[in-house]
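# Descriptive analysis of the structure
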Amino acid sequence: MIVGVGIDVCDIARMEELLVDGRFLGRFFAPEEQEYIEYKGKGAAATMAGIFAAKEALVKALGTGFTTASLQDICVLHDKFGAPYFDLRGDFALHVAQRNIDNLHLSITHDGGIAAAVAIAERDAK
């Protein structure tokens, strides 16, 4: 059963500016995300925008905002086929478990200078 859907968009040009100043990257992205973003080279800003939008979409799907989360505790990784997924950590992982969320789904796209992400929170029917 779907218990929440969140969507967010992020301006890639804004992330390009923030990428120049490494403090933003270090503050809001887990080490694995930082490596992945830097690995993307010319596509780094678009990747960064997509991951940031994914984090925003997730807290919207849960209806919590960032009050219960460190952005580094919401980690966006990619499987061997390149599909993004959430790897939750710390207090935020505990918060999601306490809400009986069994599955999280994520889709990220980039086009026309914008990155967008959709997150779906699901609870198994019991």
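Just so we're clear, the structure is a prediction, and the values are computed from it rather than from any experiment.

Overall, the coordinates contain zero disulfides when judged by the stated rule. Looking at the unpaired Cys-10, the closest cysteine sulfur is the one in Cys-75, lying at 17 Å. Here Cys-75 falls in the buried class, since its relative accessible area comes to 0%.

A word on the pairing of strand S3 (residues 84–88). Sheet topology places strand S2 (residues 74–78) next to S3; five bridges connect them, and they run antiparallel. Across the sheet, residue Ile-74 finds its bridge partner in S3, namely Leu-88. As consecutive antiparallel partners, S2 and S3 are separated by five residues, and within that stretch Gly-82 has a phi angle of approximately 95°, a positive value.

Residue placement: Glu-16 occurs in helix H1 (residues 12–20). The exposure class of Glu-16 is partly exposed, given its relative accessible area of 48%. Separated by 33 residues in the primary sequence, Glu-16 and Ala-49 place their C-alpha atoms 8.7 Å from one another.

Counting 35 residues, the largest nonpolar core has Met-15, Phe-29, Leu-58, Phe-86 and Phe-92 as the members making the most contacts within it. Breaking this core down by element, the ones donating at least two residues are H1, helix H2 (22–28), helix H4 (44–62), S2, S3, helix H5 (90–98) and strand S5 (114–122). Ranked by residue count, the leading element in this core is H4, at 14 residues. In this structure, Phe-29 is in contact with Phe-24, Gln-34, Ile-37, Met-48, Ile-51, Phe-52, Lys-55 and Gln-72, ignoring residues within four places of it in sequence.

Calculation rules
Numbering of residues starts from 1 in each chain and follows the order in which that chain's sequence is written. Per-residue local features are limited, in this predicted model, to residues with pLDDT of at least 70; the limit for side-chain atom pairs, both in listing and counting, is 80 or more; totals at the level of whole chains, interfaces and linings are taken over all residues. With hydrogens and water excluded, all non-hydrogen atoms of the structure serve as input to the side-chain values. When the sulfur atoms of two cysteines come within 2.5 Å, that pair is taken as a disulfide. Burial classes: relative accessible area under 20% of the type maximum marks a residue as buried, over 50% as exposed, and values in between as partly exposed (1.4 Å probe, protein chains only). The rule for pairing is simple: two strands pair if DSSP sees at least two bridges between them. Secondary structure is summarised from DSSP: a helix means a run of H or I of at least four residues, a strand means a run of E of at least two, and numbering begins at the N terminus for each. Each nonpolar core is a collection of buried residues, namely Ala, Val, Leu, Ile, Met, Phe, Trp, Tyr and Cys, held together in the definition by side-chain atoms within 4.5 Å. In this analysis, two residues are considered to be in contact whenever any of their non-hydrogen atoms come within 4.5 Å of each other.

Any functional reading would require information that these geometric values do not contain.
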